[in-house]
Amino acid sequence: MKDAGANIRVVLADDHPLIMVGANHLLKSTLNVQAVATAASPEMLMEVLAQGECDVLVTDFSMPNKPGADGLAMLNAIRLRFPRVRVIVLTMIENVGLLQRMRKAGALGVLSKGGDLGELADAVVTVFRNRPFLGRSLRQRMLETDVGTHSGASQSLSPKELEIVRLYAGGKSITEISRTLNRTVNTVSTQKGSAMQKLGVKNDAELYQLALIVGLA
């Protein structure tokens, strides 16, 4: 395996230092590859990539509290500005619709942080050869999920739920939405929870990203 990683220049990007340390150690021990650079924010990542010394980028998807755009905007920017860089996304997100959007935005590989990180070495070699790689746990989730559900998911929402999702994805808090729609905070919170259940999302980050996908934001 170590011979397979020869001359692969890897950049690691994550806002959690322990993730980068762990990934770097894993790549060093399995491929004899050490990251040529690291970045703790999307802004820093763009600066690193601009130096032109990256074959494979291993990056987190969500770095919301750091300078620069993260998520799909970041992946699209990398695809446009650095088309030769092979991208692996390492993420906690398991929403099938959003995972598919990551791949369409240019992620050749996608791995779950909650899965087997031992797959990272195989993923780096595979995408370096310009082949797609999807982690086992995410492959299983896609097999278990009807991937067509999300494309029409917004149609199952009531008009009130649609409006709440649209406003929430636009940056308004629950309290601000309650004032805007003249509803109680409890009512808005309950309707938001109902919308999330129908959309099949588990947290606010997935809700926002899915709102982008279905055109609600």
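Fair warning: this is a prediction, and the values are worked out from it, not measured in the lab.

Our focus in this paragraph is helix 8 (residues 174–181). Taken together, the buried positions of helix 8 are occupied by I174, I177 and S178. One side of helix 8 carries all its buried residues, which in axial view fall inside an arc of 100°. Those residues of helix 8 that are buried lie in contact with helix 7 (159–169) and helix 9 (185–199). Of the residues one or two after helix 8, N182 is the one with positive phi, at around 60°.

A word on the nonpolar core. Ranked by internal contacts, the top residues of the largest apolar core, which has 31 residues, are L45, L49, L57, F61, L75, I78 and M102. Secondary structure elements with two or more residues in this core: strand 1 (10–13), strand 2 (37–39), helix 2 (42–49), helix 3 (71–81), strand 4 (86–91), helix 4 (96–104), strand 5 (107–112) and helix 6 (136–144). Those residues within four positions of L57 in sequence are excluded, and the remaining contacts are V11, A13, L45, L49, I78, V85, R86, V87 and I88. One finds V56, L90, L120 and A121 within the second-largest nonpolar core, a separate group that totals 22 residues.

With that settled, the discussion passes to the packing of aromatic side chains. When we look at a pair of aromatic rings, we describe it by the centre distance and by the angle of the planes. With the rule as written, the count across this model stands at 0 aromatic pairs. The ring of Y168 carries the charged tip of K192 above its face, separated from the ring centre by 4.7 Å.

A word on the pairing of strand 4. The buried fraction of strand 4 is high, at 5 of 6 residues. Note that strand 3 (residues 56–60) and strand 4 share 5 bridges and pair parallel. What sits directly across from T59, in strand 4, is V89. With helix 3 bridging strand 3 and its parallel neighbour strand 4, the resulting β-α-β unit is right-handed. Direction of pairing for strand 4 relative to strand 5: parallel, over a ladder of 5 bridges. Bridge pairing links L90 to L111 in strand 5.

Turning to the pairing of strand 5, a few remarks are in order. Most of strand 5 is tucked away: 5 of the 6 residues are buried. Pairing of strand 5 with strand 6 (residues 133–134) involves 2 bridges; the strand directions are parallel. Each residue of the ladder has a partner; that of V110, found in strand 6, is L134. For the crossover from strand 5 across helix 5 (residues 120–128) to strand 6, the handedness is left-handed.

Turning to helix 3, a few remarks are in order. Buried residues of helix 3: G71, L72, M74, L75 and I78, and no others. Each buried residue of helix 3 lies within a common arc of 160° when the element is viewed along its axis, so the set occupies one face.

Inspection of the entire model under this criterion finds 6 salt bridges. Notably, a salt bridge pairs D55 with R9, separated by 3.1 Å at the nearest N-O pair. Here D55 is found in the loop between helix 2 and strand 3, whereas its partner R9 is found in the segment before strand 1, with 46 residues between them in sequence. On the basis of relative accessibility, which here comes to 34%, the residue R9 falls in the partly exposed class. Between K192 and D204 there is a salt bridge whose closest N-O contact spans 2.9 Å.

Thresholds, definitions, all that
Residues numbered from 1 in each chain as written. Predicted model: local features only at pLDDT ≥ 70, side-chain atom pairs only at ≥ 80, totals over all residues. Heavy atoms only, no water. Buried < 20%, exposed > 50% of the residue type's maximum accessible area, 1.4 Å probe, protein only. Helix = DSSP H or I, 4+ residues; strand = E, 2+ residues; numbered from the N terminus. Arc of directions from axis to C-beta. Contact = heavy atoms within 4.5 Å. Core = buried A, V, L, I, M, F, W, Y, C linked by side-chain atoms within 4.5 Å. Phe/Tyr/Trp six-rings, centres within 6.5 Å; stacked < 30°, edge-to-face > 60°. Lys NZ or Arg CZ within 6 Å of the ring centre and 35° of its normal. Pairing = 2+ DSSP bridges. Right-handed = clockwise from strand over helix to strand, strands pointing away. Salt bridge = Lys/Arg side-chain N within 4 Å of Asp/Glu carboxyl O.

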